[in-house]
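Examining the three-dimensional arrangement
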Amino acid sequence: MRILIRTSKWAIWARRFGSLALPLTIIPVLLHREQLITSSDFAVIEAVAAGVAALAIFLALGAFGRLWMTGDQGWSKAGWGLFFGIVCLLPFAYLGYEAMRYPMVNEVTTDIADPLPLLSPVRVAPTSAPLRAEIAATFPNVQARTYPIDATEMFAIVDDLVEARGWDVRTRRAPPTALDIGQINAIAVTLFGWRDEVAIRVTGTAQGSVIDMRSVPLGGFHDFGENGKRIEEFLLALDQKITLTLRDAPQAPAAPDTETPPPPAEGEPDDDAE
């Protein structure tokens, strides 16, 4: 007599839902980065993907229990369903950790008194004093920089750093002279496709130049610390670049040491006298 060994339906459905959650999690990210779907649609789709992934994990765990009790087949199917579900939920776990780690902000700037102008039609609510203090404690390197380099040369260095990061530059206004103001406005895209506008201002002074930055999220309810981390990373890279520039700058040749010969002593003939 042949004994029929069944395949657990729980395991079958666990793999099916896990296989569905994987493209449902990844494809919207690609579409969001290319602006083929809006941020609101992206959030809804990802919420559905998280639900499907959680269901796959639930079915896989239930399948493991039933397989242990009944001896049915389907261990590999349940294992793949569990694996796919966990992989799909990892980005949500990461974002949840970042949301608890960083404050919920609507902008990060080095100049509260004179915010850099933006090109995007986004309304930025004033940042409260407690939130400003929290931002300063979380991102201590978000501070204006002053360098002993004139504004025209500094603007070129800043522009090179912006280009190296692949930001989409929307406007580039170089300072006409070393004592004028220049500004760059660009759009930076996060890993998951959210967009932030970044503004960088170069102000020429008699001693060199001052650099200010502002980064504002254009969508989403939480920036997960992206704007503060972006400004800190850029300014620290700028610090390093300026340090290398000043170190490698050619030194001016020293002036020749020409001492005035002492006047001839009284009574001694002067060799230059005719």
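Residues numbered from 1 in each chain as written. Predicted model: local features only at pLDDT ≥ 70, side-chain atom pairs only at ≥ 80, totals over all residues. Heavy atoms only, no water.

**Concerning the pairing of strand 4 (residues 181–189)**
Within strand 4, 7 of the 9 residues are buried, which leaves it mostly tucked inside the rest of the structure. Across 5 bridges, the pairing between strand 3 (residues 168–173) and strand 4 is antiparallel. Of the residues in strand 4, the one forming a bridge with valine 169 is alanine 186. Sheet topology note: the strand 4/strand 5 (residues 195–205) ladder contains 9 bridges and is antiparallel. (Buried < 20%, exposed > 50% of the residue type's maximum accessible area, 1.4 Å probe, protein only. Helix = DSSP H or I, 4+ residues; strand = E, 2+ residues; numbered from the N terminus. Pairing = 2+ DSSP bridges.)

**Considerations on helix 1 (residues 9–33)**
Compared with an ideal rise of 1.5 Å per residue, which puts 25 residues at 36 Å, helix 1 spans 37 Å between its outermost C-alpha atoms and is within 8% of the ideal. Taken as a whole, helix 1 has its buried residues at Ala11, Ala14, Gly18, Ala21, Thr25, Pro28, Val29 and His32. Residues of helix 1 that are buried sit in contact with helix 2 (39–70), helix 3 (75–101) and strand 5. The opening residue of helix 1, the one whose side-chain oxygen lies 3.3 Å from the backbone nitrogen of tryptophan 10, is serine 8. Positive phi shows up at glutamine 35, right after helix 1, with a value of about 60 degrees. (Expected span 1.5 Å × (residues − 1). Contact = heavy atoms within 4.5 Å. Polar contact = N/O pair within 3.5 Å; in protein donor to acceptor, adjacent residues only side chain to side chain.)

**With respect to the environment of leucine 59**
Among the secondary structure elements, leucine 59 is positioned in helix 2. Look at leucine 59 and you get buried, because its relative accessible area is 11%. Note: C-alpha distance between leucine 59 and lysine 9 (50 residues apart in sequence) is 9.3 Å. Among residues more than four places away in sequence, those in contact with leucine 59 are Trp10, Trp13, Ala14 and Phe17.

**Looking at the packing of aromatic side chains**
All told, the structure shown has 11 aromatic pairs when counted by the stated rule. Relative to tryptophan 75, the ring of phenylalanine 64 has its centre 5.8 Å away and its plane inclined at 25 degrees; by these criteria the two rings are stacked. Of this pair, phenylalanine 64 sits in helix 2 while tryptophan 75 sits in helix 3; the two residues are 11 residues apart in sequence, bridging distant segments of the chain. Overall, tryptophan 75 belongs to the partly exposed group, its relative accessible area being 41%. An aromatic cluster is defined as three or more aromatic residues linked by ring pairs; in this entry it consists of Phe42, Phe192, Trp194 and Phe224. (Phe/Tyr/Trp six-rings, centres within 6.5 Å; stacked < 30°, edge-to-face > 60°.)

**Concerning the side chain of glutamate 232**
By secondary structure assignment, the location of glutamate 232 is in helix 6 (residues 226–248). Of the side chains with opposite charge, arginine 145 comes closest to the buried, unpaired glutamate 232, at an N-O distance of 7.5 Å. For glutamate 232, the residues in contact, after removing those within four places along its chain, are Phe139, Pro140, Asn141 and Val142. (Lys, Arg positive; Asp, Glu negative; His and termini not counted. Salt bridge = Lys/Arg side-chain N within 4 Å of Asp/Glu carboxyl O.)

**Observations regarding the pattern of salt bridges**
Going through the model one piece at a time under the given rule, you end up with 12 salt bridges. Here glutamate 98 and arginine 101 are joined by a salt bridge, their closest N and O atoms 3.5 Å apart. Of this pair, glutamate 98 and arginine 101 both sit in helix 3, 3 residues apart, which is roughly one turn of that helix. Residue classification places arginine 101 among the partly exposed residues on the basis of a relative accessible area of 47%. For glutamate 163, the salt bridge is made with arginine 172, and the minimal N-O distance between the two is 2.6 Å. Under the relative-accessibility criterion, glutamate 163 is labelled partly exposed at 44%. Shared partners join several salt bridges into a network, and the residues in it are Asp111, Asp114, Arg201 and Asp212.

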